[in-house]
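A look at the structure
The lines below spell out each chain.
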Amino acid sequence: MDQQILNAIFIGSIYALFAVGYTLVFGVLDILNLAHSAVFMLGAAVTYSLVVNHGQPFWIACILGVAASALMGLVIEHVCLRPLRRRRAPPIAALISTIGLALIIVAAIEQGQPGSFFAWLWVDGANSVAFPAGTFPNPIWHVGDMTLEASKVAIIPISIALMLVLGYVIRYTQVGRGLRAVAENPRAAQLMGIDVDRMISLTLVISSALGGLAGILFGVALGDISPYIGRDNVEVRGLAVIVLGGMGSIPGAVIGGYLLGMIEVFALVVLGSNARGGVAFAALFLMLVLRPQGLFGAQLRERI
Amino acid sequence: MKRFNVVCWLVAALLVAACGSTSGGGSTGNSYSGKTIKLGAILSITGAGSVYGPQSWNGMALAVKQINSSGGVNGAQIALTKNDDASDKAQSAQVAQTLIQQEQDMALLGPTLSNSAVAVHPLAESLKTPILAVSTTGINIVPDCNFPSSTPCKYVFRDSLGEETAIPDNIKSYAADSHPKTGVLLVAQDDKFSSDGGTIVQNTVGQYNIQLLKTIKFNKAEADLSPYVTQAVQLKPDVIFITSLGGIPAKIMTIARTQGWTGQFLGGNGFNTATVSKQAGADGTGARSASAWYLGNTFASNADFVSAYKAEYNSDPDQFGAQGYTAIKILADAAKRANLTFTDLAGDRDKLRAAMETVNIQTPLGPFQFTSNHDVKQTVWVIAMDGQGGFKLVHQINAS
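Residues numbered from 1 in each chain as written. Chains lettered and ligands numbered in written order. Predicted model: local features only at pLDDT ≥ 70, side-chain atom pairs only at ≥ 80, totals over all residues.

1. A short note on the overall build of chain A
A tally of helices and strands in chain A yields twelve helices and two strands. Listing the helices and strands of chain A from first to last along the sequence gives α-α-α-α-β-β-α-α-α-α-α-α-α-α. Oriented by its inertia axes, the alpha-carbon framework of chain A measures out at about 55 × 50 × 35 Å. Taken over 304 residues, chain A has a buried fraction of 52%. Contacts in chain A between residues at least 24 apart in sequence constitute 72% of all its contacts with a sequence separation of at least 6. (Helix = DSSP H or I, 4+ residues; strand = E, 2+ residues; numbered from the N terminus. Buried ≥ 20, exposed ≤ 12 C-beta atoms within 10 Å, placed from the backbone. Contact = placed C-beta atoms within 7 Å.)

2. A look at helix H7 (residues 174–184) of chain A
Residues and elements named next belong to chain A. Those residues of H7 not exposed but buried are Gly178, Leu179, Val182 and Ala183. One side of H7 carries all its buried residues, which in axial view fall inside an arc of 135°. Looking at the packing, one finds that the buried side of H7 touches helix H1 (2–29), helix H6 (155–172), helix H8 (186–191) and helix H9 (196–222). (Arc of directions from axis to C-beta.)

3. With respect to the sheet that holds strand S12 (residues 366–370) of chain B
Residue and element names in this part refer to chain B. Spatial ordering of the open sheet is given by S11-S12-S13, a layout of three strands whose pairing is antiparallel. At either end of the open sheet lies a strand with only one pairing partner, and these are strand S11 (360–363) and strand S13 (376–377). Looking at chain direction, S12 and S13 are connected through two bridges and run antiparallel. Counterpart to Gln369 in the pairing with S13 is Lys377. (Pairing = 2+ DSSP bridges.)

4. Comments concerning the pairing of S11 of chain B
Sheet faces and side chains relate simply in a regular strand, where the side chains alternate between the two faces. All names here are of chain B. Bridging between S11 and S12 involves four bridges; their strand directions are antiparallel. By the bridge assignment, Gln362 is partnered in S12 with Pro367. Where S11 folds back on S12, the antiparallel hairpin that results is connected by two residues.

5. Here's the deal with the domain arrangement of chain B
Accessible area lost when the parts come together is the quantity often used to give the size of an interface. Residues and elements named next belong to chain B. On domain assignment, one finds that chain B holds domain 1 (36–161 + 297–364) and domain 2 (164–291 + 382–397). Of the residues forming the side of domain 1 that touches domain 2, the biggest block, three residues, is contributed by helix H4 (residues 114–126). Counted by class, the side of domain 1 that touches domain 2 contains six nonpolar, five polar and two charged residues. (Domains from an automatic or database assignment. Nonpolar A, V, L, I, M, F, W, Y, C, P; charged D, E, K, R; others polar.)

This is the structure in structure tokens:
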């Protein structure tokens, strides 16, 4: 059981980190950025490729992986969101355009074979790969019946620290006040002299950097990097997390992430593996029926 | 005079018949000269099955190149097209329909995944077009392609070793070697190949006095398999059976070894690519499966294939490459003996189908024939991961 609690906390941390980026964009723009799962995958894929195919040190590769994800955030804003915002397109249009970009990113990575156009970015096609042993220090400790891997344990402080920093930036800094103003009322924020486009770009950059970092941690801890890790493993769960926590709420996304991790693992232990996915989404359904605004929905008017 | 006329007619008739049988035997070697045998391969080049599809294609393309450059099939060139089904069942069926009806291909190969085959094979059967599966190993592929109808399908064949043969052979050989008492099954429940494999494990273990302590089902899209593996490891089984695809078996092995479990991994065709062995690394050492093919076999038909493949692609082939290569050799051998007309497509497809039933050739897989059910009849190679991305041969089980 103890090992299962650890399993829940590890995966909950990744859900939380992924969902924080998701919910940040929703909080500011009122739209779901469905390319977030592709950015998650891109962070992991770029880092892996830099280490294995380009011989870069792991820590440098991590920084560049996060930078590539942040850059993709800018692409999302300039290609998928801003042109539509200029035309006052409904939110569904942005939803579709971000899905389109996600498909393109996944397809580009999937086509990466030796000798192909995308070989500089990825050479393993649709295969799932893992960082070679020794890429980063990963001691394993056995405490009682529990097995603790450094690569998994590290996720917890990294996730919590990042989320605290983000919370601080949004609540107490000039930039954070700008973001909150844009989230509250973009037009009023513009009249007050805030550069709304810049704030939105910044939101996408922060959100995507967090998403990319979540992808790297996922790849490091679970030994699974493929073009599909975002789409298959975290996309729908990320949505579930932000609904559980309250759409647009950062503390909600954090608590929701850990909650979903716990629900999934306990459903498996108590009810068996057939029930696991069902129970997690039954909890989501109950939340929608009983408290549609989510756990932290009371703060709905004052998002992020 | 009347008798003389009858004798003349008889002699003439015999001569005509003799000529006919000569060309029918195909021994002239140029009776198809200037013709083209159109074949279509439906493969998962993109999507989840793209771990396997490109390997199959490489094997097929190599065989076509070799055959065409050495005079073709009785003089006819093989024209093989590569058609991606994106690992999607509906797209696979659409592609098959186009190839059969618009492109008028003589026969099809594929599709890569069993999941797609359940849509494509009944279609080929209803349109009376031979189709040769090269990587589908699930249950109800041959002969009952129209499952649950049990009427045998006439046009569907496979050269891939079904899990119904591979998994029991593997369990049998390990039980004889090590007499395990208990096992846990980890099975991906959301694809046909994996869930069929799980059913076969459940149906087989009892015969060898292995008690299945628990069957743990998961979905391929699980973010983290640790909770499932923890559950298996905590039961302390002698064996963990894994029936799943892609990188999942390797992930399970790594998690179980990290959690301190030291027992034996047994699996099915999902283990049989170098990719999986490489990903599992040292954690996969000794993991056993039954395979249709073994890289290290030194008999001529395999050694020639391996060296030609390396020369062509600068890498080792895998099981899927060997099965793709074998498929083209099978179709070429059948076409050679089928006395094709190239004017009556429906008739030619039927002749090809009939000739495929009597194939008996040497291939990289070993001596190859079809059973009366159109399934593969070949030697089975029990292999174990070597911990360095490759495999070593443990047992050889000859076709009975």
